[in-house]
Amino acid sequence: MTALTADAATTAARLRDGMASGVLSFPLTSFTTDMALDLPAFRDYLATRIETGPGAIFPACGTGEFFSLDEDEYRDVITAAVREADGRLPVVAGIGYGWAQAARFARIAEEAGADAALVLPHYLVKGPQSGLVEQIRQIAARTRLPLIAYQRDQVAFTMDSLREVARIPGVIGLKDGHSDLDRLQRLKLAAPDDFLFFNGAATAEVQARPYASIGITAYSSAVHAFAPEIANAFFTAQRDGDDATVERLLRDFYVPLVELRDRVPGYAVSLVKAAARLRGRPVGPVRAPLADPGKDDLADLEALLTTGLDLVGAAR
């Protein structure tokens, strides 16, 4: 990895410490019933997430419906997140689309005071390895924010490509959503020792033990967006080697949640938002093309949420 500026090195160190101490939180974005951005509700919701001690917050990413925000809404969301965090933990803003648009979002996030940016997979098209590297290079050249690359869907780096990405000034890590552990092990061996890696699989807890087996213990948690009690209990059990608790939570909560999530495209976000509403959190509906769960799925979600909270002794 190219030598980082003092600010980037400080951010990388804070993120490394945060990854070791708690889950990475990907908060929801609050909308009103008529689909307008609801900033007061978002700030109220986000404050409750921060109080539960995540290692970092990642506003306006996939769970936060980045793809549905215009630039003004995005600026408001990141500004609100920075103010709520108030320096207590790192704020990593989602950016994405082609590099020109991603750079615009990066400038907005930088002006809002974010600590770093997560480069979400680019829109629609597939590209060769040289193009994947160039996408990151062009964004990095246009922002002072440290960048974390995100591989999933049409983005998958080879060892050689990741070596190039790690040499781009300001790039500090990789979020992985493929869960191909053979490939990921090779990427980890190709990267510098201080390069950050974390598990970004959908419902990442289900993959936490396999990732940890190759030395990647940090992970993002969508469950933290609606049930931080469950997410934190799992993190503690996984960290402390409490296999009985890990397996009980996987068997009775996380795996059934994945099965429910897989019923309908987009439920990776829609179910999370619905679960937050079930707990009285002011997050509102999802924006199209996502759709809120139907009555039967919502009933199954409510029952599963009750089970999960009971497992960790949390109030419903």
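Everything in this summary refers to the structure shown in the same document. Along each chain, residue indices are assigned from 1 in the same order as the chain's sequence is written. Selection of residues for local features in this predicted model requires a pLDDT of at least 70, selection of side-chain atom pairs for listing and counting requires 80 or more, and totals for whole chains, interfaces and linings are taken over all residues. Side-chain measures here rest on the full set of heavy atoms in the structure, leaving out hydrogens and waters.

## Some remarks on the sheet that holds strand E2 (residues 56-57)
Following DSSP output, two strands are said to pair if at least two bridges run between them. Where helices and strands are cited, they refer to DSSP runs of H or I of at least four residues and of E of at least two residues respectively, numbered from the N terminus. Pairing is parallel in the open sheet, where three strands are placed in the order E2-E1-E8. Of all strands in the sheet, those with a lone pairing partner are E2 and strand E8 (220-221), marking the two edges. In the sheet, strand E1 (residues 24-25) pairs with E8 via two bridges, with the strands oriented parallel. Its bridge partner lying in E8, Ser-25 is registered against Ser-221.

## Comments concerning helix H12 (residues 295-311)
Over its 17 residues, H12 runs 25 Å from end to end, which matches the ideal 24 Å to within 8%, given 1.5 Å per residue. The criterion used for residue contact is that any of the two residues' heavy atoms lie within 4.5 Å. Check the buried side of H12 and you find it contacts helix H9 (228-240), helix H10 (243-261) and helix H11 (267-278). Downstream of H12 by a residue or two, Gly-313 has a phi angle that is positive, lying close to 70 degrees. Residue count minus one, scaled by 1.5 Å, sets the expected span of a helix.

## Description of the sheet that holds strand E6 (residues 171-176)
Within the open sheet, the five strands sit side by side as E3-E4-E5-E6-E7. Their pairing is parallel. Both outer strands of the open sheet, strand E3 (92-95) and strand E7 (196-199), are each paired with one neighbouring strand and no more. Pairwise comparison of adjacent strand axes, ignoring direction, gives a mean angle of 25 degrees for this sheet. Note that strand E4 (residues 116-119) and strand E5 (residues 147-151) share three bridges and pair parallel. The partner of Leu-118 across the bridge, within E5, is Ile-148. All axes here are fitted lines through C-alpha atoms, helices being fitted over the stretch that makes contact, and every angle between N-to-C directions spans 0 to 180 degrees. Running over the sheet, helix H5 (residues 129-140) touches E3, E4, E5 and E6 and is turned about 155 degrees from E5.

## Regarding the side chain of Arg-49
Mapping Arg-49 onto the fold places it in helix H2 (residues 39-50). Despite being buried, Arg-49 has no salt bridge partner; Glu-229 is the closest side chain of opposite charge, sitting 6.4 Å away. N or O atoms closer than or at 3.5 Å make up a polar contact, with two conditions inside protein: a donor-capable atom paired with an acceptor-capable one, and, for residues adjacent in sequence, both atoms drawn from side chains. In this structure the side chain of Arg-49 is engaged in a polar contact, spanning 3.0 Å, whose partner is the side chain of Thr-48. Within the structure, the side chain of Arg-49 is placed 3.1 Å from the backbone oxygen of His-224, a separation counted as a polar contact. Residues within four places of Arg-49 in sequence aside, it is in contact with Ser-25, Pro-54, His-224, Ala-225, Phe-226, Ala-227, Pro-228 and Arg-281. Only protein chains enter the accessibility calculation, which uses a 1.4 Å probe. A residue is then buried if its area is under 20% of the maximum for its type, exposed if over 50%, and partly exposed in between. Counting rule for charge: Lys and Arg are taken as positive, Asp and Glu as negative, and neither His nor the chain ends is counted. Salt bridges are counted wherever a side-chain nitrogen of Lys or Arg sits within 4 Å of a carboxyl oxygen of Asp or Glu.

## Examining a nonpolar patch on the surface
Only residues whose relative accessible area exceeds 30% and that form no salt bridge are eligible for patches; like-charged ones are grouped when within 9 Å, while nonpolar side chains (Val, Leu, Ile, Met, Phe, Trp, Tyr) are grouped when within 5 Å. The method behind every accessible area is Shrake-Rupley, applied with a 1.4 Å probe, and residues are considered shielded solely by the protein chains displayed. A surface patch of nonpolar side chains, amounting to about 360 Å² of accessible area, comprises Tyr-123, Leu-124 and Val-125. Within the secondary structure, Leu-124 sits in the loop between E4 and H5.

## A word on the side chain of His-224
By secondary structure assignment, the location of His-224 is in the loop between E8 and H9. At 2.8 Å, the side chain of His-224 forms a polar contact with the side chain of Thr-52. Every residue in contact with His-224, bar those within four places of it in the chain, is listed here: Val-23, Ser-25, Arg-49, Thr-52, Pro-54, Ala-231 and Asn-232.

## Observations concerning the packing of H11 against H12
Where H11 contacts H12, the two axes come as close as 10 Å, and the packing angle between them is 65 degrees. Between H11 and H12 the crossing geometry is right-handed. Packed against H11, whose contacting residues are Tyr-267, Leu-271, Ala-274, Ala-275 and Leu-278, the element H12 presents Asp-297, Leu-298, Leu-301, Glu-302 and Leu-305 at the interface. Each residue gets one of three labels, nonpolar for Ala, Val, Leu, Ile, Met, Phe, Trp, Tyr, Cys and Pro, charged for Asp, Glu, Lys and Arg, and polar for the others, Gly among them. Classifying every residue of the contact of H11 with H12 gives eight nonpolar, no polar and two charged. Left-handed describes a crossing whose near helix is turned anticlockwise from the far helix by less than a right angle; the clockwise case is right-handed.

## Section: the environment of Gly-98
Mapped onto the elements, Gly-98 comes out in the loop between E3 and helix H4 (99-112). On the basis of relative accessible area, Gly-98 is assigned to the partly exposed category, the value being 36%. Once the C-alpha coordinates of Gly-98 and Leu-309 are considered, the two residues, 211 residues apart in sequence, prove to be 41 Å apart.

## Quick look at the packing of aromatic side chains
Stacked, edge-to-face and tilted are the three classes for Phe, Tyr and Trp ring pairs, Trp counted by its six-membered ring, which pair at centre distances within 6.5 Å; planes under 30 degrees apart are stacked, over 60 edge-to-face, the rest tilted. Going through the model one piece at a time under the given rule, you end up with 12 aromatic pairs. An angle of 75 degrees between the planes, with centres 4.6 Å apart, marks the rings of Tyr-74 and Phe-105 as edge-to-face. Of this pair, Tyr-74 sits in helix H3 (residues 71-85) while Phe-105 is found in helix H4, placing the two residues 31 residues apart along the sequence. Like Tyr-74, the residue Phe-105 is buried in the burial classification. Seen from their ring centres, Phe-253 and Tyr-254 are 5.0 Å apart, and the 80 degrees between their planes marks the pair as edge-to-face. Per residue, the accessibility class of Phe-253 equals that of Tyr-254, and both read buried.

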